[in-house]
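Architecture and fold: a report
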Amino acid sequence: MNTHVLDWSYYTGTVPGYGACRAVPGEYACLLPTRYVETAFSGFTFQAPLPGEDINYLRIPHKPGDGRIAGGGQTTDNVLEWDVNHWALRPGRMWGPNAVVYGSNDVLCCAPTRDIYLLTSGWYYGHGALVAASANRANVARGIYEYTDFGDVAIGQGVDGRAVVSFRAVSGGYEPLRALPLPAGCDARFMLTDRTGDQFGITAVDLTHRLTTFFWPTLGELYALPKVGA
């Protein structure tokens, strides 16, 4: 499984190293708090300067090579998009996590009002369409939280801080959870998953070790992961 880790342990503040990757091995964007947003698209690594504030809840389009980045201003809550060579102000407000997402045809979408955001908790992109984040907030019986569900497999946070994978069983119900390889004692948050066919791009922000890890597994590699408790 291809992976890439960015270390932001130099930073002692409260803004985590938000990240996002697409289902193209090696393509990602990650906030290095107080420094810049590092991107890797089409084989080129770039450091986008910050617009005078950190950028929360990063999102990137699904299309390979697309260099745009979107997120919210840490202090202003403005919706900002890196557009080739500058941060552009976009309509809307960054009401919270998942308030901004690239949806169908990689169009940037933002919850239009705070009331709508509070009803939906924003959106994930799964099943090839926008899905209300509130629908994937928690599946206690399944043991997975803040997850992206693709029908046959869901990827998100486990109850113990691990990054977990939940497969739907052929016979009905769900298979035991599988765990992505993160350091012991991790606290995986702000997980995002992109998928194209059997290729995935998964982001996990480890608040304990102050690391952001990007995974680019295939469906088969996910299925081969060790089962939790096995």
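The preceding data block contains the structure.
Report on the accompanying structure. (Residues numbered from 1 in each chain as written. Predicted model: local features only at pLDDT ≥ 70, side-chain atom pairs only at ≥ 80, totals over all residues. Heavy atoms only, no water.)

1. What to know about the pairing of strand β8 (residues 78–82)
Where we set the bar: The classification of residues rests on relative accessible area computed with a 1.4 Å probe and restricted to protein chains. Under 20% of the type maximum is buried, over 50% is exposed, and intermediate values are partly exposed. Secondary structure elements follow DSSP: runs of H or I of four or more residues count as helices, runs of E of two or more count as strands, with numbering from the N terminus. Should DSSP find at least two bridges between two strands, the strands are regarded as paired.
Across the 5 residues that make up β8, a large majority, 4, are buried. As paired strands, strand β7 (residues 69–73) and β8 are joined by 4 bridges and run antiparallel to one another. The residue bridging alanine 70 from the neighbouring strand is glutamate 81, located in β8. Linking β7 to β8, which pair antiparallel, is a turn of 4 residues; within it aspartate 77 sits at a positive phi near 60°. Counted between consecutive antiparallel strands, the loop separating β8 from strand β9 (residues 87–93) contains 4 residues, among which valine 84 sits at a positive phi close to 75°.

2. So, unusual backbone geometry
Of note in the backbone geometry, tyrosine 57 takes a positive phi value of approximately 50° without being a glycine. Locating tyrosine 57 in the fold gives a position in strand β6 (residues 55–59). Taking the relative accessible area as the measure of exposure, tyrosine 57 reaches 16% and is therefore buried. Located in the positive-phi region is asparagine 98, a residue other than glycine, with phi close to 70°. Inspection of the secondary structure assignment puts asparagine 98 in the loop between β9 and β10 (100–102). Here asparagine 98 falls in the buried class, since its relative accessible area comes to 5%.

3. What about the pattern of salt bridges?
As a reminder of what qualifies: Criterion for a salt bridge: a side-chain nitrogen of Lys or Arg within 4 Å of a carboxyl oxygen of Asp or Glu.
In total, this model carries 11 salt bridges according to the counting rule given. For arginine 22, the salt bridge goes to glutamate 27, with nearest N and O atoms at 2.5 Å. Here the two residues arginine 22 and glutamate 27 agree in accessibility, since each one is buried. Aspartate 66 is the salt-bridge partner of arginine 68, the closest N and O atoms lying 2.9 Å from each other. Residue arginine 68 is classed as partly exposed on the basis of its relative accessible area of 22%.

4. A look at the sheet that holds strand β17 (residues 163–167)
On the basis of which strands lie adjacent, the open sheet formed by 5 strands has the order β14-β15-β16-β17-β18 and antiparallel pairing. Of all strands in the sheet, those bounded by a partner on one side alone are β14 (138–139) and β18 (178–179).

5. Digging into the environment of glycine 67
Selection criterion: Every residue pair with non-hydrogen atoms within 4.5 Å of one another is taken to be in contact.
For glycine 67, the position within the fold is in the loop between β6 and β7. Glycine 67 sits in the partly exposed class, given a relative accessible area of 33%. Once you skip the residues sitting within four places of it in the chain, glycine 67 turns out to touch Phe41 and Trp82.

6. Brief notes about the pairing of strand β4 (residues 36–41)
Burial within β4 is extensive, with 6 of its 6 residues counted as buried. Every second residue of β4 is oriented toward a common face, with Tyr36, Glu38 and Ala40 on one face and Val37, Thr39 and Phe41 on the other, all of them buried. Two successive antiparallel strands, strand β3 (residues 28–32) and β4, enclose a turn made up of 3 residues, where threonine 34 displays a positive phi of approximately 70°. Once β4 ends, the chain turns through 2 residues before running back antiparallel as strand β5 (residues 44–49), passing serine 42 with a positive phi of about 55°.

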